[in-house]
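What the coordinates show
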Amino acid sequence: MSSFRVSGRGRVDHTQPIQFTFDGKKIKGFKGDTVASALLANGIHLMGRSFKYHRPRGAVTAGSEEPNALVGTRRGPGRFEPNTRATVQEIWDGLQVNSQNRYPSLSFDIGAINDKAYMLFSAGFYYKTFMWPKSFWDKVYEPFIRAAAGLGVSPTEPDPDHYASRYLHTDVLIIGAGPAGLAAALSAARAGSRVTLVDENPEAGGSLLSEPSAQIEDMPAWDWVGKTVAELKELGVKLMTRTTAIGYYHQNMVGLCEKLTDHLASPDGETPRERMWRVRAKQVVLAQGALEKPLVFDGNDRPGVMLAGSAQTYLNRYGVRVGDKAVILTSHDSAWYAAFDLADAGTTIAAIVDTRAEPNADLVAEATKRGIRIMAGHTVTGTEGRLRVKSVRVNPVTGSSVGAPEVIGCDCLLMSGGWTPSLHLFSHTKGTLAWDEERQTFLPDHKAEECEIAGAGRGLWGIEAVLNDGAAMGAAAVKSLGKDIAPASYTVANDRPGTGVSHKELPTDLDAGKARAFVDYQNDVTAKDLRLAVREGMRSIEHVKRYTTNGMATDQGKMSNINGLNIASDALGVPQPKVGLTTFRPPYTPTTFGAFCGYHKGSHFEVTRKTPIDSWAEENGAAYEPVSLWRRAWYFPKDGEDMHAAVDRECRATRASVGIFDASTLGKIEVVGPDAVEFMNRMYTNPWTKLAPGRARYGLLLGDDGFIRDDGVIGRLADDRFHVTTTTGGAARVLNMMEDYLQTEWPDLDVWLTSTTEQWATIALNGPNARKVLEPFVEGQDMSDEAFPHMSVSECRVGGFPARLFRISFTGEVGFEVNVPAHAGRALWEMLYEAGKKYDICPYGTETMHVLRAEKGYIIVGQDTDGTVTPHDAGLSWAIGKMKPDFVGKRGLARPDLVAEGRKQLIGLLTEDGKTKLEEGAQIVLDPNQPKPMKMVGHVTSSYHSDAAGRPIAMALLEDGFNRMGETIYIPMPDRVIKAQVTGTVFYDPEGARLKL
Amino acid sequence: MLLIHCPYCNQTLPEAEFTYAGEAHIARPADPSSVSDEEWRDFLFIRTNVKGPHYERWRHFHGCGRYFNAVRDTVSDRFLITYKTDDPRPELSKLLEKSK
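Here we summarise the structure given alongside this text. Every chain's residues receive numbers from 1 upward, in the order its sequence appears when written. Lettering for chains starts from A, numbering for ligands starts from 1, and both go in the order in which the items are written. Restriction of local features to residues with pLDDT of at least 70 applies here, the model being predicted, together with a cutoff of 80 or more for giving and counting side-chain atom pairs; totals for whole chains, interfaces and linings are based on all residues. With hydrogens and water excluded, all non-hydrogen atoms of the structure serve as input to the side-chain values.

1. Digging into helix H19 (residues 676-683) of chain A
Relative accessibility decides the category of a residue: with a 1.4 Å probe and only protein chains considered, values under 20% of the type maximum give buried, values over 50% give exposed, and everything between is partly exposed. Helix and strand definitions follow DSSP, with helices as H or I runs of at least four residues and strands as E runs of at least two, each counted in order from the N terminus. Among the eight residues that make up H19 of chain A, seven are buried, leaving the element largely enclosed by the rest of the structure. The set of residues buried in H19 of chain A consists of Ala676, Val677, Phe679, Met680, Asn681, Arg682 and Met683 of chain A.

As structure tokens, this is what we get:
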């Protein structure tokens, strides 16, 4: 093992070596290592290239906020994930890790030329550089940007993993299992509440895992963590590790993403890769701690430049020294302790550079005791080293003047600009933040949800303060649940409290315009970019953010937001709270699509509704089309027929003899009650009072605006009972509308509405021989023309099943629709099909249904209408009960716009050449030679080849169409202009002679 | 996901069971033929579109099926009250006092 691994140190298992690969090279680590800690143990800091400038980058953190060390991980075939944070991914034997965003190799990358041309890529470069010439956009700029920018590559194979989702209800959800979260959980659980404690790390402990020397209640910190976790489990607390709270939603609903298998060498195949939890908590305690801020200076992104707290974590938690010779650069006391720990572990601390003129005397004494050089009131103005920092340029600062530099050799630079409370989840709730002048950061202010914020998340520092706050907040959470508990009081020895100051970019003696001082590492945004944005007129922080892309990378500015704010505030000359903070949005960390999808993929993406006869259609080779959630038989191809040939044959067979069609998807609503007829009179345009039981009528439904909403045939079964049919897609909508009027406008009406769509299977028989096929099966209804004329309905038996039999037609032929209980649908279909064989019965699908109805000019609501079509526009004025005092839409029909001349009206179109089929949706113009943009006067709504007419037919909505009969209009297409003649909409049997037996 | 109290079921249930149904207390005129074009236009289309407490309708679609009324703050997405369709329109000042 390398000299960077400290024997026996950390929480990794030194007895369990693990081997994985990085860019194909074998790397050794220990169980418990992350990719980053194992690489650092091998002296490897260079882990990736940056987004825009392709600058060499290393891990700057040890946690999920990592902006730089993004890698691709492969966990076997199909299991590739880009942009995995090396600081989070646990290693296992055989894991394949690859660096990203480099070509041909990580140490030599051609894209790094961008870095030399950085002047081109300044703030807003997208808006400036790639403006003109316009023709360059498609061919030059976009391909260039796509190739050069971006992070990892998307996986190309389908994801073989499965993902789960669960709901959870809990009294108290505690987010973060560091000292504050553990203490809060103890309070809440001891008070007898149901507690859920989650943490994104593989184990509980949080910052305590990096502070082994602290003594809590006279116990080493790690022992205290172990004892506490054991007690929490004893108390029934649900402790979830590797679980990230990604979003905090209304009424204390929190989304958790639990990672279950990414850390395993051989998952069992049963366990889902990730599980999304939707948690509803009575109380939430946010104990997410704080994130360390970088300092902003030239070259602060070089591999080897790292946050001091993270270096401390690598040492104490992973047993890894991040370098042999470190320079510390800090404006906060915390980095001094990192220096002490590293010095004690054998790393040479070349200097502690503190921007403050007078650091804490105790710290100075401690450093002096270790022989560490202290450079107070100094700053760093640059770093050197191509793939790893090798020296640091340090200058004294007196007031505003920066003195002469001294170059100090090192192999790592550990920085700390202080700590930012992690308030992302709090911000999701629209909780407000208040600027804390002393701490130079935002702290939680007004709470929008039932939650408490504990510990470093509200600006506290030091383990003792945080533990006691956690205990108090846990008690406060359960108090609002009616449980009283006195919070435990903790004493901590070897605590490391501290303070610090906050900075904009650090001062320099060099040309600040040339400094590559990064604020947002992941999006390559520098301090200069932010200042440029302000100079170019961006005033709002939201504009600065979008112009520079600061904080817009996948880390959402976890490290860059406050530094960016400090610089923008300085450039604007406005104090930070006046500049404000940009909005944090879920998810807290990048989350896989798989976790969001859960079970809803493939055939589970949405339900497929199937009719009782669907299985017959499938066995008989139907092609399907989706109609809302239904899958419907589209046509039944025979012997290699294409759709056109199949539909022509089905149309011909139906008109010549008999066709059979599955109409079960039609919406059906039972309208029952003493006031049923009054209700029908008010809902539908048509008059219903005089419709006798046993008769049926075409019903038209409008909105109160006067536009067509739905239609369907309605049978009156008894004085107080109607069988209403709706369009396939409109069933739920129509019932909803009926319920709305019944419940809220006419609660006086005594009517019940019941959806019966799925109770009935509906078989339509159409054609001159339809009655001959059907009649032998009918019991209890005389099928003669006199006894059962067109537009009749009867409750009888068909094929031995109770049935509602309609004589209606959507084809222009003699037609029947038989409704039988759904379970009997397929049996009756097969009986009728067998019996029909001697008449060459032809099963047909929705396409033939469409053609046959179009030949007769019957409309399809939603195809020939679009929510702006009145009954008059559609040629359906006859369906309006003009004598009725009111119905839904009656007043609407009298609106000025609806009675105006020249509205778009539904007409027929015949193309002049008799061969060309128009495209549905094609636009119509009156003069094809007018200059562009042409005035469009309508569009084609339905268009088919008609076997009966022997030519293509179409319907269209055309301005003033009824007055244009016989006129020629034009349909411009990309390759030509089509001429067509305006006609009526009935293309076949205009007298309706074929409806008679 | 919101939790919504259905005043008919007297239960607080997930938003997924409910559908939104527009602004509340817009009664359809008893005799539409007697209202002017402007009044009918207002009935059909003109809504308050408030920022803040909003009187609106919901339907317990996947439950009892009843329409009911609610006052919801459109800024915070918080329900101040839900009530039955035939209950009187609650006074806003009292609701705001209660929610404090």
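2. A closer look at the interface of chain A and chain B
What makes two residues a contact is simply this: any of their non-hydrogen atoms within 4.5 Å. On the chain B side, the residues contacting the 27 residues of chain A number 26 residues. Buried area: the accessible surface (1.4 Å probe) lost by two parts on joining, summed over both. In total, chain A and chain B occlude about 2200 Å² of area from one another, counting both sides; carbon and sulfur atoms represent 45% of this. Definition used for salt bridges: Asp or Glu carboxyl oxygen within 4 Å of a side-chain nitrogen of Lys or Arg. At the surface where chain A touches chain B, the tally comes to four salt bridges. As a salt-bridge pair, Asp740 of chain A and Arg57 of chain B come within 2.7 Å of each other at their nearest N and O atoms. Counted as a polar contact is a pair of N or O atoms within 3.5 Å, where, for protein atoms, one must be capable of donating a hydrogen and the other of accepting one, and residues adjacent in sequence contribute only when both atoms are in side chains. Connecting chain A to chain B are 19 residue pairs in polar contact (both at pLDDT 80 or more). Every element with two or more residues in the side of chain A that touches chain B is listed here: helix H20 (731-745) and helix H24 (890-893) of chain A. For the side of chain A that touches chain B, the element with the most residues is H20 of chain A, which contributes seven residues. Across the side of chain A that touches chain B, the residue classes tally to nine nonpolar, seven polar and eleven charged. When residues are sorted by character, Ala, Val, Leu, Ile, Met, Phe, Trp, Tyr, Cys and Pro go into the nonpolar class, Asp, Glu, Lys and Arg into the charged class, and all the rest, Gly among them, into the polar class.

3. Side note on the side chain of Thr526 of chain A
With respect to the helices, strands and loops of the structure, Thr526 of chain A is situated in strand S32 (residues 525-526). Leave out the neighbours within four places in its chain, and Thr526 of chain A touches Ala517, Phe518 and Val519 of chain A.

4. Overview of the packing of aromatic side chains
A pair of Phe, Tyr and Trp rings is counted when the ring centres sit within 6.5 Å of each other, with Trp represented by its six-membered ring. The angle between the planes then sorts it: under 30 degrees is stacked, over 60 is edge-to-face, the rest tilted. Applying the stated criterion across every chain, the model contains 21 aromatic pairs over all chains. A centroid spacing of 6.3 Å and a plane angle of 65° characterise the contact between Tyr53 of chain A and Phe518 of chain A, whose relative ring orientation is edge-to-face. Taken together, the residues Tyr53 of chain A in the loop between strand S3 (46-49) and strand S4 (56-58) and Phe518 of chain A in strand S31 (residues 518-520) connect sequence positions 465 residues apart. An aromatic cluster is built from Trp616, Phe636, Trp829 and Tyr833 of chain A, whose rings are joined through pairwise contacts. Cation placement over rings: the criterion is NZ of Lys or CZ of Arg within 6 Å of the ring centroid and within 35° of the ring normal. The aromatic ring of Trp222 of chain A is capped on one face by Arg11 of chain A, whose charged end is 4.6 Å from the ring centroid. The ring of Tyr8 of chain B carries the charged tip of Arg66 of chain B above its face, separated from the ring centre by 4.1 Å.

5. Some points on the sheet that holds strand S1 (residues 13-22) of chain A
Residues and elements named next belong to chain A. Sheet architecture is open: five strands sit in the order S2-S1-S7-S5-S6, paired in mixed fashion. Two strands lie at the open edges of the sheet, namely strand S2 (25-31) and strand S6 (80-85), each paired on one side alone. Direction aside, the axes of adjacent strands within the sheet are offset by 35° on average. Criterion used throughout: strands pair if DSSP finds at least two bridges between them. Pairing geometry for strand S5 (residues 70-74) and strand S7 (residues 96-99), over four bridges, is antiparallel. Bridge pairing in S7 links Arg74 to Gln96. Geometry is summarised by axes, namely lines fitted to C-alpha atoms with helices restricted to the contacting stretch, and by angles between N-to-C directions that run from 0 to 180 degrees.

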